[in-house]
Amino acid sequence: MWSRQRGGLKPLRCGVEQLRCRRREREAALRKARREQQLVSKRLLRDEALEEAEEGCVAMIFGEAEIQQFLRLAQRGTEEKEREGALVSLRRGLQCPETQQTFIRLEGSIRTLVGLLTSNQALLQLEAARCLHELSHSEQSAVVEACLPATSYLLTYLSGHSSDFIELCLYTLGNLIVESEAVRRQLLPQGIVPALAACIQSPHLTVLEALGYALSQLLQAKEAPEKIIPSVLGSTLPQHMLQLLQPGPKLNLGVAVEFAWCLHYIICSQVNNALLITQGALSTLGLLLLDLAGAVQRTEDAGLELLACPVLRCLSNLLTEAAAEAVGGQLQLRDERVVAALFILLQFLLQKQPSLLPEGLWLLNNLTANSPSFCTSLLSLDLIEPLLHLLSVSNVVSVLVLTVLCNVAEKGPAYCQRLWPGPLLSSLLDTLAFSDTEVVGQSLELLQLLFLYQPGAAQAFLQQSGLQALQRHEEVAQLQDRVHALQQTALHG
Amino acid sequence: MQLPPALHARLAGAPGSAEPLPVERDPAAGTTPFSFAPRLVRFPREHDFFEDGDVQRHLYLQDVLTQVGGAPERPRVPEFTCQVAGCCQVFDALEDYEHHYHALHRNVCSFCKRAFPSGHLLDTHILEWHDSLFQILAERQDMYQCLVEGCTEKFRTSRDRKEHLVMRHLYPADFRFDKPRRSRGQDFAVDSRIIWRTDFSMGDFYKALSISPAVPGAAEQVLAEALGDDRAPSEGDAMEVCSEHVEPSPEPAGERRAYSHRIPSTICFGQGASRGFKSAKKRNKHQ
């Protein structure tokens, strides 16, 4: 997938502005789908307008007679090239919804296709698999469900050796998985999890990427926490996934992206994260984070944010597990390079994908909350000022930044001393000017800590017209009490 | 967002951290009306916090999936033939050859030349078809292993196994890799070095001999080809695993060749050797 994207994007007919507009529409559609919890849905897999714009070959509408002709030729033709050609023509036709409908309604058509899929003619097998893939891609449930008789074979072929064929089977399975719970209810007893566990040992990167994709779709299913994740955790899949995420010369970005997302879906479902920790998930992900930070400094436009996002999420969620504390003695979790890496990533995200900043700051919160070590690192590495720089990005980001600062400040005078003086006060006065209640509330919490632990803070606050800044919030319900308390402290010590 | 210049150096440096500053909390911190306490935060699957990242992920998938599934452009190479003995398939693309090799030659039963989609199915086939010890053991215990990887159930008969596949694993009743064997003859090796084909009739032998001219050493080659006549079963019975009797499938039409009874002079049957193969069973003719 990844390598195909790099080299193989076809030039589109529409202009840049149209592209941007189209992308915004797609984004809006995806957001809506997510809110309705429909993000794992077939219609989102294929972007229709994009297809229309880039039709390389024209999809033909075939009637019954033509389809029958192709099938007959494929099955019983004498010349191998002839048979293959018939299937190629059929496949082109199957890109078209009308032809798909006609095909599935034709008696024996799927049976014939499955027969060709399982034949001993290798090239016919491939073409038959491509036809099946087209069908699996359809938006019509009836068409997709017509592929069901083939699933046991698709799974059987995953233990084969032809990498192109396996890749195709995996993408087809991925499409089927997304179709409906009914389909998944067939795939699970047919042994899709053990089949994937066997297949993940393949050395082929294209196979691994396809497998990661199919698995991520499986793990994203609504019923996954109860019905799918337990058996995945019970298989050898997690160990292999972690292996494929180990940083080093063998790390492939496209593969890593897929399995990082797989891990995320498993972890955030909170089924048995302790098991993942014993398998070294924290250690692996921590090292991967360091590697990512190194990579963003070197490469320009490699799509690293696609990997950064799930890694940040996995680490953040895993740190909340009780088991994480047990392994906290491991170097990785007290290694201040983790903090350095995180800030390098935050800078990268600020430029590349600001909407992911909250996720990075979430990790920073979980790192610093109960860790004097990491709080000290923030100070000793001079990261407070860069942190303050993020206060102007958005409300959510501001709240998170202030929360992290509170994590540091609440550890006592030794920490507050290092926060003071500096740009902190003026930043706080700025945030007090925000209208967002949560941002202001968090600022007030921080002020309380500073007043408590840092002599001279209250004084300086008064001198910089702090009281006026507080005044504007005197009437706000959630803020009043805290505002008054601070006013008292500032005035009377 | 300006990062301190030493940060990048720190990343590249050795693991480790500075000595943490002493922690000293005042009980008044975070007391009413204040409430701050450091907290580990966790987000479950469907939380809105993940919306942006999820949307980006799916945009990426959409972009990529539109390119999957079409036949990719293959670099063409000068035509070459499959190197496996007896196979004369020609290719002009390496990937096509790879697929051909894996489909037809990789997991091939050395006894009966049938090809299987995976090593797992090949192993099962050899066990159930060509291992006489298996037959003996099967009379006394459950030997037929479920075909689904990861399922450890075993069964007394292949019929029981099929039922298990259908009921428990939702497999189709006509799963091609669990077809009952043709009753045309049993292939099993008593000694794995010798293959006894009890259904190999004299007619087959003559047929085989008529294929190639009288060349020394040709007989062996020809014999292999004759045995291999059965190597490529028709579409319907591509790969068989289980070994129970059922109606034999029809001989694929169009593959008969005219044969002559003339035996080339280079073929010698040796002293006292009888023509054809000894067979305790009545030989089945081709249908």
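Residues numbered from 1 in each chain as written. Chains lettered and ligands numbered in written order. Predicted model: local features only at pLDDT ≥ 70, side-chain atom pairs only at ≥ 80, totals over all residues. Heavy atoms only, no water.

**A few points about the interface of chain B and chain A**
Note: interface size is frequently given as the accessible area lost on complex formation between the parts. Residue-level contacts link 97 residues of chain B with 141 residues of chain A. Across the chain B/chain A interface, buried area totals approximately 10,700 Å², and carbon plus sulfur atoms make up 58% of it. The interface formed by chain B and chain A holds 49 residue pairs in polar contact (both at pLDDT 80 or more) in total. Ranked by the residues each element gives to the side of chain B that touches chain A, the list is headed by helix α2 (residues 51–65) of chain B, at 15 residues. Broken down by class, the residue content of the side of chain B that touches chain A amounts to 47 nonpolar, 25 polar and 25 charged. (Contact = heavy atoms within 4.5 Å. Buried area = accessible area lost by both parts, 1.4 Å probe. Polar contact = N/O pair within 3.5 Å; in protein donor to acceptor, adjacent residues only side chain to side chain. Helix = DSSP H or I, 4+ residues; strand = E, 2+ residues; numbered from the N terminus. Nonpolar A, V, L, I, M, F, W, Y, C, P; charged D, E, K, R; others polar.)

**A look at the environment of Cys268 of chain A**
Secondary-structure assignment places Cys268 of chain A in helix α18 (residues 253–268). When its relative accessible area of 3% is taken as the criterion, Cys268 of chain A is described as buried. Once the C-alpha coordinates of Cys268 of chain A and Arg313 of chain A are considered, the two residues, 45 residues apart in sequence, prove to be 8.3 Å apart. The residues contacting Cys268 of chain A, other than those within four sequence positions of it, are Asn317 of chain A together with Phe43, Pro44, Arg45 and Phe50 of chain B. (Buried < 20%, exposed > 50% of the residue type's maximum accessible area, 1.4 Å probe, protein only.)

**Points about the nonpolar core**
Judged by nonpolar contacts, the single largest core of 207 residues is most densely connected at Leu158, Phe343 and Leu405 of chain A. Each residue touching Leu405 of chain A, except ones within four places of it in the same chain, is listed here: Ile384, Leu387, Leu388, Leu419, Leu424 and Leu446 of chain A. Of all hydrophobic cores here, the second largest spans 5 residues; its members include Cys268 of chain A together with Phe43, Phe49 and Phe50 of chain B. (Core = buried A, V, L, I, M, F, W, Y, C linked by side-chain atoms within 4.5 Å.)

**Some thoughts on the environment of Asp382 of chain A**
Take Asp382 of chain A: it is sitting in the loop between α25 (372–380) and α26 (384–389). Residues Asp382 of chain A and Leu419 of chain A, 37 residues apart in the sequence, show an inter-C-alpha distance of 10.0 Å.

**Digging into the packing of aromatic side chains**
The full count for this structure, using the stated rule, is 21 aromatic pairs over all chains. Taken together, a centroid distance of 5.0 Å and an interplanar angle of 70° make the contact between Tyr157 of chain A and Phe165 of chain A edge-to-face. Overall, the relative accessible area of 3% leaves Phe165 of chain A in the buried class. With centroids separated by 6.2 Å and ring planes inclined at 55°, the aromatic side chains of Tyr97 of chain B and Tyr101 of chain B adopt a geometry described as tilted. Remark: Tyr101 of chain B and Tyr97 of chain B occur in helix α3 (residues 94–106); sequence separation between them is 4 residues, near one turn of the helix. Classification of Tyr97 of chain B as buried rests on a relative accessible area of 19%. The class for Tyr101 of chain B is partly exposed, based on a relative accessible area of 30%. Taken together, Tyr153, Tyr157 and Phe165 of chain A together with Tyr171, Phe175 and Phe177 of chain B form an aromatic cluster joined through their ring pairs. (Phe/Tyr/Trp six-rings, centres within 6.5 Å; stacked < 30°, edge-to-face > 60°.)

**Re unusual backbone geometry**
In this chain, Thr32 of chain B is followed by Pro33 of chain B through a cis amide linkage whose omega measures 0°. Position of Pro33 of chain B relative to the elements: it lies in the loop between α1 (6–12) and α2. We note that Gln270 of chain A has phi near 55°; this positive angle belongs to a residue other than glycine. Secondary-structure assignment places Gln270 of chain A in the loop between α18 and α19 (273–278).

**Some details on the UniProt feature "domain: C2H2-type" (unreviewed entry) in chain B**
All names here are of chain B. The positions UniProt marks with the feature "domain: C2H2-type" (unreviewed entry) are residues 82–105, 109–130 and 146–169. Across residues 82–105, helical content stands at 50% and strand content at 8%; the span's end C-alpha atoms are separated by 10 Å. Between the C-alpha atoms that bound residues 109–130 the distance is 9 Å, and the span itself is 55% helix and 0% strand. (UniProt positions renumbered as here; feature names shortened; annotations may be inferred.)

**Here's the deal with the packing of helix α17 (residues 237–244) of chain A against α18 of chain A**
Residues and elements named next belong to chain A. Closest axis-to-axis distance for the α17/α18 pair is 9 Å, and the angle between their directions is 135°. Regarding the angle of α17 to α18, the classification is oblique. Crossing angle aside, the handedness with which α17 passes α18 is left-handed. Contacts between α17 and α18 involve Met241, Leu242 and Leu244 from the first element and Val255, Phe259, Cys262, Leu263 and Ile266 from the second. In terms of residue class, the contact of α17 with α18 is made up of 8 nonpolar, no polar and no charged. (Axes fitted to C-alpha atoms, helices over the stretch in contact; angles between N-to-C directions. Parallel < 35°, antiparallel > 145°, perpendicular 65-115°, else oblique. Left-handed = near helix turned anticlockwise from the far one by under 90°.)

**What to know about the side chain of Arg161 of chain B**
Residue and element names in this part refer to chain B. When you line up the elements, Arg161 lands in helix α6 (residues 158–167). Among the polar contacts listed, one links the side chain of Arg161 to the side chain of Glu128, at a separation of 2.7 Å. Separated by 2.8 Å, the side chain of Arg161 and the backbone oxygen of Gln145 make a polar contact.

**So, the environment of Leu40 of chain B**
With respect to the helices, strands and loops of the structure, Leu40 of chain B is situated in the loop between α1 and α2. A residue is classified by how much of its surface remains accessible, and Leu40 of chain B, at 32% relative accessible area, is partly exposed. Contacts of Leu40 of chain B, omitting those with residues within four sequence positions, involve Leu319, Thr320, Asn366, Ala369 and Asn370 of chain A.

**Digging into the pattern of salt bridges**
Overall, the coordinates contain 26 salt bridges over all chains when judged by the stated rule. Where Glu127 of chain A meets Arg91 of chain A, a salt bridge forms, and the shortest distance between an N and an O atom there is 3.2 Å. You can see Glu127 of chain A sitting in helix α8 (residues 122–136) and its partner Arg91 of chain A sitting in helix α5 (residues 80–93), a full 36 residues away along the chain. Taken individually, Glu127 of chain A and Arg91 of chain A each receive the classification buried, so the pair is uniform in this respect. When salt bridges that share partners are traced, they join Glu27, Arg31 and Arg35 of chain A together with Glu51 and Asp52 of chain B into one network. (Salt bridge = Lys/Arg side-chain N within 4 Å of Asp/Glu carboxyl O.)

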